[in-house]
Amino acid sequence: MTTEGTDWTDLGCHPVAEGVHRIPLPMPQDGLRAINVYVIEGPDGVSLIDAGWNVPGNLEILVDGLRSVDVGLDEVTDVHVTHIHRDHYTMGPELRRRVGSRIHLGGGERPGLIELRELRTSVPTDSLDQLRRAGAPEIAEASRVEALAEPWLAEDWELPDTWTEEGPVSVAGRPMEARRTAGHTKGHLVFDDEALGVTFTGDHVLPRISPSIGFELGGWDDPLGDYLASLEAMLDRPDTLMLPAHGQVGGSVHGRVRELLSHHDSRLDATRAQVLASQGATGLQVASALPWTRRERAFASLDGFNQMIATCETMAHLDVLVARGDVVVDEVSPAGVQRFVTA
């Protein structure tokens, strides 16, 4: 594994392992700053793991990065996308239009992508339903209005060529294992390369933050329960080095998974403690009392988008506590707002 510079977002095409390079593509007006697009060279040519966000300038950055390792854009035959979020998917259809690259997406993402194509907006309708259940209709309405103001381009959300299921997959002719890791999204995939001893972890396992939970389309099931189960399942496999979609490469997957499980244990304890202290609370009231981000910011200091994310994550934690029997829904208002108490 090569040692990189101090800033993982530095532009360029950075060697990661034999036949693998990393091209960071900027994410404008997003706190994550960039996404790692991985270039895989193998006996069948060149493939990408994740495509990037199709915003002005990113295609040129991708082309320049590929050119620096003597790869032309037209040599990219396939794009394997870890999940459906725009920073991972939307450059894929653009590459298909330009050079015929095939797009492969996890089969579990089908309901969300189909719903998005039917809505034809960026409005996260399922998340808005959770905000109303949490007693946060004002945040829901502000989020709806903000999302409606965002441009929505149908060509960014064309269907993939194939839906990838769990199991062996060929990436540029190199054998890998696609593993479904639901939670951040329903059909999120990670890719194990046993020969290299690495895992392309997408947003499932990130080196510095926990991915958002509960911000997706396709129906609300048990996103945090799915995420925790997917993390536990990673510990049943051999440990590997982490190649994440955001942040510096390297580090033990198992080590980071244990940190994420511990983090969510702490958040579940803190969530239950707030319900207990209040002698009954809505999701919004619990979210408002908890600290947020690594900087432990007050809920009131977050912008509208992050208040939405925080409230949805709180509802996901409350749902897990209900499933475990630690809290119960005490009452439901005529508007569908739930009030939680400790069991």
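For the structure, see preceding data.
Notes on the structure follow. (Residues numbered from 1 in each chain as written. Predicted model: local features only at pLDDT ≥ 70, side-chain atom pairs only at ≥ 80, totals over all residues. Heavy atoms only, no water.)

Attention now goes to a nonpolar patch on the surface. A cluster of nonpolar side chains, contributed by Val322, Val329 and Val332, occupies part of the molecular surface with about 200 Å² of accessible area. Relative to the helices and strands, valine 329 resides in strand S13 (residues 327–332). (Patch = residues over 30% accessible without salt bridge, like charges linked within 9 Å, V, L, I, M, F, W, Y side chains within 5 Å. Areas by Shrake-Rupley, 256 points an atom, 1.4 Å probe, with all protein chains shown as cover. Salt bridge = Lys/Arg side-chain N within 4 Å of Asp/Glu carboxyl O. Helix = DSSP H or I, 4+ residues; strand = E, 2+ residues; numbered from the N terminus.)

Quick look at the sheet that holds strand S12 (residues 241–244) now. Read from one edge to the other, the open sheet built from five strands follows the order S8-S9-S10-S11-S12, with strand pairing classed as mixed. Edge positions in the sheet fall to strand S8 (167–171) and S12, since each has one partner strand and no second. Recorded for the sheet is a direction-independent mean angle of 30 degrees between the axes of neighbouring strands. Two elements, strand S11 (residues 198–202) and S12, share four bridges in a ladder whose sense is parallel. Directly across from valine 198, in S12, lies its bridge partner leucine 241. (Pairing = 2+ DSSP bridges. Axes fitted to C-alpha atoms, helices over the stretch in contact; angles between N-to-C directions.)

What follows concerns the environment of valine 169. Its location among the elements puts valine 169 in strand S8. Placed 10 residues apart in sequence, valine 169 and arginine 179 show a C-alpha to C-alpha distance of 9.9 Å. Aside from chain neighbours lying at most four places away, what touches valine 169 is His80, Arg174, Pro175, Met176, Glu177, Ala178 and Phe191. (Contact = heavy atoms within 4.5 Å.)

Turning our eyes to something else, we now look at unusual backbone geometry. With glycine set apart, most residues show a phi of negative sign, and most peptide bonds adopt trans. Within the chain, arginine 33 stands out as a residue other than glycine whose phi angle is a positive 80 degrees. Along the chain, arginine 33 falls in the loop between strand S2 (20–26) and strand S3 (34–42). Of note, glutamate 296 is a non-glycine position whose phi angle comes to about 55 degrees, a positive value. Turning to its location among the elements, glutamate 296 is positioned in the loop between helix H9 (283–289) and helix H10 (304–324). Overall, the relative accessible area of 59% leaves glutamate 296 in the exposed class. (Buried < 20%, exposed > 50% of the residue type's maximum accessible area, 1.4 Å probe, protein only.)

What follows deals with the side chain of histidine 83. Tracing the backbone through its elements, the reader meets histidine 83 in the loop between strand S5 (76–81) and helix H2 (86–89). On the basis of relative accessibility, which here comes to 0%, the residue histidine 83 falls in the buried class. Polar contacts involving the side chain of histidine 83 include one to the side chain of histidine 88, which spans 3.5 Å. There is a polar contact of 3.3 Å between the side chain of histidine 83 and the side chain of aspartate 203. If near-sequence neighbours (up to four positions away) are discounted, histidine 83 is found in contact with Asp50, His88, Tyr89, Leu105, Glu109, His184, Thr185, His188 and Asp203. (Polar contact = N/O pair within 3.5 Å; in protein donor to acceptor, adjacent residues only side chain to side chain.)

Shape descriptors only; they carry no functional weight alone.
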